Structures are given as structure tokens and as C-alpha cells.
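What follows is the residue order along each chain.
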Amino acid sequence: MNPRTAQVERNTLETQIKISVNLDGTGSAAFTTGLPFLDHMLDQVARHGLIDMEIVSHGDLHIDAHHSVEDIGITLGQAVAKALGDKKGIYRYGHAYCPLDESLSRVVVDFSGRPGLFYNVEFKRALIGNFDVDLFKEFFQGFVNHAGVTLHIDNLKGGNAHHIAETVFKAFGRAVRMAISPDPRMAGIMPSTKGTL
């Protein structure tokens, strides 16, 4: 399998973002986003997904974090899709359950080429530190739309907002890792009876 790496830049009047990924990495990560809690969550994706990831984002944070978070999701989705290429030889499907103390989340992903987000996560407060928890859904919606995946995210148990968020992102990283891993029995074969994804 060829090296699965990509670099994508996205520039708008609201954000300027540059992302590089190596899907066959070791989980190393570097972030410059101005959003420390999002960086912490993205670090979970890199570490548990074994994806090397570098993200530099400059956005209109003087307004709020919405544009930056959504556009990071969009650009990361584009980078993953570009690095995956035609998707031949991958498992395609991935799933993971991740606990953290009282919290438990499940994530299931299909690199189907059909964007769909089914997000069932409820927080008991609006902010973690100064990060708006509503923006997690915006991140995943941006990723889904531009990676072309079907993504089911369910928080099954939880009380602490930080724990809930962390289980979601850890499970996301693990599920993506499973789905994009090379399947030795499908080498060079498209994982679809349609012949394309």
C-alpha cells in the first residue's frame, strides 16, 4: 500500500487552516488552534487512531469558536479522504467502546462515501472550561460531510462533561483506526459490491 499521507489547506474570510495527516503513523500530533480543549480532544484522535496529525488554524476567535471548530472538522475530513484515496484494501467499517470512569461512549463508522451523522450526546452543562459543548457536533458534521463517512456517536453513560467528551473522541479515534486499517484478505479489492465507494 502506498504511503497514506495528505496535506490540505482551507482559506476563507473566517479561518485559515492547514492540516497534514499520516494515516499509518504513531499518533504524534502538533496543534496550533487557539482552542486548548479542542487540541486535547484532537490529541485523543491522533493517539488512539495512530494518525500523525499537524493542525495550524487561525480563525475569528474574537467572535467565537464556531467557525474554527467547524472548519477544522471540514479540513480534517478532506485530509483523511485525500490520504485514503480509492479505499481499496481497507476494512471500511470500524467501531469502538471507550470508558472513562463513569462515562461510556460508542462510535461506529463506515467509510461509505455517503455522509451521515447520527449524534446522540447530551451534556449537563454548556461549557467545559470556556469551550462550548455544542461545537463538538459541528466538528463531527464538518468531518462527516467532507470525509464522506457515516458516523454514529452515542454516549451510553456519563455525568462529567469532560469525561463524556473524552470518551467520544477516544472512541472516534479507535473506530477510525479500525476502519482505515489495511485488510490483508482484501488487498487491492474495493470493500463494496458496487465496485466503488
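Not measured: the values here are computed from a predicted model.

Things to note about unusual backbone geometry
Now for step 1: The phi dihedral of K87 is positive, around 75 degrees, even though this residue is not glycine.
Now for step 2: Here K87 is to be found in the loop between α2 (66–84) and β5 (93–100).
Now for step 3: One non-glycine residue, R92, lies in the positive phi region at around 80 degrees.
Now for step 4: On the accessibility criterion, R92 (6% relative accessible area) is buried.

A look at the sheet that holds strand β10 (residues 150–157)
Now for step 1: Sheet architecture is open: four strands sit in the order β5-β6-β10-β7, paired in mixed fashion. The sheet is open, and its two edges are formed by β5 and β7 (116–120), each paired on a single side. In this sheet, adjacent strand axes meet at a mean angle of 10 degrees when their direction is disregarded.
Now for step 2: Pairing geometry for β7 and β10, over five bridges, is parallel. Bridge pairing links G116 to T150 in β10.
Now for step 3: Sheet strands in contact with helix α3 (residues 134–147) are β7 and β10, and its direction is about 160 degrees off that of β7.
Now for step 4: Sitting on the sheet, helix α4 (residues 161–180) touches β5, β6 (103–110) and β10, and the angle it makes with β5 is about 150 degrees.

With respect to the packing of α2 against α3
In helix packing, the relevant descriptors are the interaxial angle and the interaxial distance, both defined with respect to the helix axes.
Now for step 1: Look at α2 against α3: their axes get within 7 Å of each other, and the N-to-C directions meet at 30 degrees. Between α2 and α3, the angle is such that the two are roughly parallel. Of the two possible hands of crossing, α2 and α3 adopt the one that is right-handed. On α3, the residues touching H66, V69, E70, I72, G73, I74, L76, G77, Q78, V80 and A81 of α2 are L135, E138, F139, G142, F143, H146 and A147.
Now for step 2: Looking at the contact of α2 with α3 residue by residue, the class counts come to 10 nonpolar, six polar and two charged.

Cut-offs and rules
Residues numbered from 1 in each chain as written. Predicted model: local features only at pLDDT ≥ 70, side-chain atom pairs only at ≥ 80, totals over all residues. Heavy atoms only, no water. Helix = DSSP H or I, 4+ residues; strand = E, 2+ residues; numbered from the N terminus. Buried < 20%, exposed > 50% of the residue type's maximum accessible area, 1.4 Å probe, protein only. Pairing = 2+ DSSP bridges. Axes fitted to C-alpha atoms, helices over the stretch in contact; angles between N-to-C directions. Contact = heavy atoms within 4.5 Å. Parallel < 35°, antiparallel > 145°, perpendicular 65-115°, else oblique. Left-handed = near helix turned anticlockwise from the far one by under 90°. Nonpolar A, V, L, I, M, F, W, Y, C, P; charged D, E, K, R; others polar.

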